[in-house]
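# Coordinates in review
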Amino acid sequence: MIQISLLSPSAKADSLAYQLAYAAQAVAAVRAGHALPQALAQIFARSDAPAPARGAIQDLSYRAMRRLGLTDALLSLLANKPPQPDVLHGLLVSALALLVEDDEAGYDSFTVVNQAVEAAAISPEMSFAKGVVNAILRRFLREKATLMPQATKTPPGTWNYPTWWIDRLKAAYPEQWQAILHAGNQAPPLTLRVNRRRTSVTEYLAELQQAGIGARQVGPYAVRLDQPTPVQQIPGFAAGLVSVQDAAAQLAAPLLDVADGMRVLDACAAPGGKTGHLLELADLDLLALDHDSRRLQRIAENLERLHLRASLVTGDARQDDWWDGQPFDRILADVPCTASGIVRRHPDIRWLRRKTDTAQLATLSAQILDKLWQMLRPNGKLLLVTCSLWPQESEQQAIAFAQKHNAIRLPAPGQLLPTADAEADADHDGLFYALFQKPGA
Ligand SMILES: C[S@@+](CC[C@H](N)C(=O)[O-])C[C@H]1O[C@@H](n2cnc3c(N)ncnc32)[C@H](O)[C@@H]1O
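The numbers attached to residues start from 1 for each chain and follow its sequence in the written order. It should be noted that, the model being predicted, local features are given only for residues of pLDDT at least 70 and side-chain atom pairs only at 80 or more, the latter also being counted only at that level, while totals for whole chains, interfaces and linings use all residues. Calculated side-chain values reflect all of the structure's heavy atoms, with hydrogen atoms and water omitted.

Moving on to the overall build of the protein chain. In this text, helices come from DSSP runs of H or I with a minimum length of four residues, and strands from runs of E with a minimum of two, each type numbered from the N-terminal end. Assigned secondary structure in the protein chain consists of 17 helices and 11 strands. A globule of 441 residues ought to have a C-alpha radius of gyration of about 22 Å, and the protein chain, at 23 Å, matches this closely. For the protein chain, the C-alpha atoms occupy an extent of roughly 75 × 50 × 40 Å along the three principal directions. In this scheme, a residue with accessible area under 20% of its type's maximum is buried, one over 50% is exposed, and one in between is partly exposed, where area comes from a 1.4 Å probe on protein chains only. Taken across its 441 residues, the protein chain has 53% of its residues classed as buried. Here, two residues are considered to be in contact whenever any of their heavy atoms come within 4.5 Å of each other. A fraction of 72% describes how many contacts in the protein chain between residues 6 or more apart in sequence connect residues 24 or more apart. All accessible-area figures derive from a Shrake-Rupley calculation using a 1.4 Å probe, and residue coverage is judged against the displayed protein chains alone. Of the roughly 19300 Å² of accessible surface on the protein chain, 51% is carried by carbon and sulfur atoms. The charge count includes Lys and Arg as positive and Asp and Glu as negative, but it does not include His or the ends of the chains. By convention, charge coordinates are those of NZ in Lys, CZ in Arg, CG in Asp, or CD in Glu. Side-chain charges of the protein chain comprise 43 positive and 45 negative groups, with the mean position of each set lying 4 Å from the other. The size measure is the radius of gyration over C-alpha atoms, and the globule rule it meets is 2.2 Å times the number of residues to the 0.38 power.

If you want it as structure tokens, here you go:
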């Protein structure tokens, strides 16, 4: 249960103080083990924050996640003991995340300090700590030049990831680990998949240009907007002309080379990004399975927007009690994983994950893969997808699976490392692909 406290009724939603006070609660919820999107959803449901304030609260809390290694290191230099309660810690790291970047957020430093003090004043659990907030943040401003080099002495202070995460990346990618960490700290682009049933990339780019929205093609059906834009303002989104999907994720459906009439299983399907793409490519008899019935509902919404149809089933992919016994021609196994390849979209993940999660998730996905293989027809194809960078969940899993089942490994991209170059054509998350074919009977 996420604890949300409403602010004093005098608080003004368009003030930085209001936005910092709620961002502090979101950051505190992550510290208590909750995912940031869920924490924000609860804050928005309970408070009466209008849309612009919601955007600002989201931005502040995501920014705080991307700077948490540095701001925590600074706090340990600035405060005699760890700030309590957690929401006070959340406020201080959210404010420091603005102060460490001189010009990034567009606020002058003294405004940030004053508004952080006001944020404490309007928050029931922090009103006692106005003086503490003022003292800590003002000391930071006075001593910034000496504190910053001290705080960046440790790897988390430099990179804004836990030490174990940095060490593991170094071991797996001795050449690229720094570029990967850097990519994970960038704000993600908004990439669209053009629905080829309805329009073409050329036509859609022209439509964007007419609407005054800058964009470029970054994949066969992938268009990246120059500036992230709320989906309601994206031309043709509501009508199903485009969907939001990272360029690397757009490789999944084409790899399965589906054709009209095929029987296809999308085994871990929610929220349905790849389900929609498969159905855009061919007329399929597609079963979309997920064990989470609430997330399955999101597939229904996505398909409705795209005017596409699939059978939606709630079930566990490690079991076959939901299966009618008819083998599938193609299976997409977008298995649950640590999501270590998509941290730029979910900057809270690095702080929520534990080192031991990788082995647990690799075991779960191995069980899923073993069961799905029994449902594939001879000569059929199964695509393993993860959004992980850890070999245990990806390449090592693929090697073990192929050996165990005598599966034929077909060409696929393997491990794609995340890139974050706004000027480059390749700008995508870190995903893993392995494609297998079942030997003929
Ligand atoms: C990586 S996400 C899938 C993303 C989706 N394919 C897309 O492109 O939008 C993994 C999904 O697996 C589901 N899942 C986890 N364990 C499962 C299980 N044992 N059986 C079925 N689905 C499961 C989760 O609920 C989650 O929706």
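Once that is clear, we can look at the site of the ligand. Near is defined per residue: the residue qualifies when any heavy atom it owns lies within 4 Å of the molecule or strand. Among the 19 residues in the neighbourhood of the ligand, the closest are listed as G273, D290, R295, D316 and D334. Contact between the ligand and D334: a nitrogen atom at 2.7 Å from a side-chain N or O atom of the residue. Counting of polar contacts relies on pairs of N or O atoms within 3.5 Å, with two restrictions inside protein: one atom must be capable of donating a hydrogen and the other of accepting it, and residues adjacent in sequence are counted only when both atoms are side-chain atoms.

UniProt's entry tags C268, A269, A270, P271, G272, G273, K274, D290, D316 and D334 with the feature "binding site: S-adenosyl-L-methionine" (unreviewed entry), counted in the numbering of this structure. Position of A269 relative to the elements: it lies in the loop between β5 (263–266) and α13 (273–281). Aside from chain neighbours lying at most four places away, what touches A269 is T275, A288, L289, D290 and I299. Structurally, A270 can be placed in the loop between β5 and α13. Ignoring sequence-local partners within four residues, the contact set of A270 consists of D290, R295, L296 and I299. UniProt positions are given in the numbering used here, feature names are shortened, and annotations may be inferred rather than shown by experiment.

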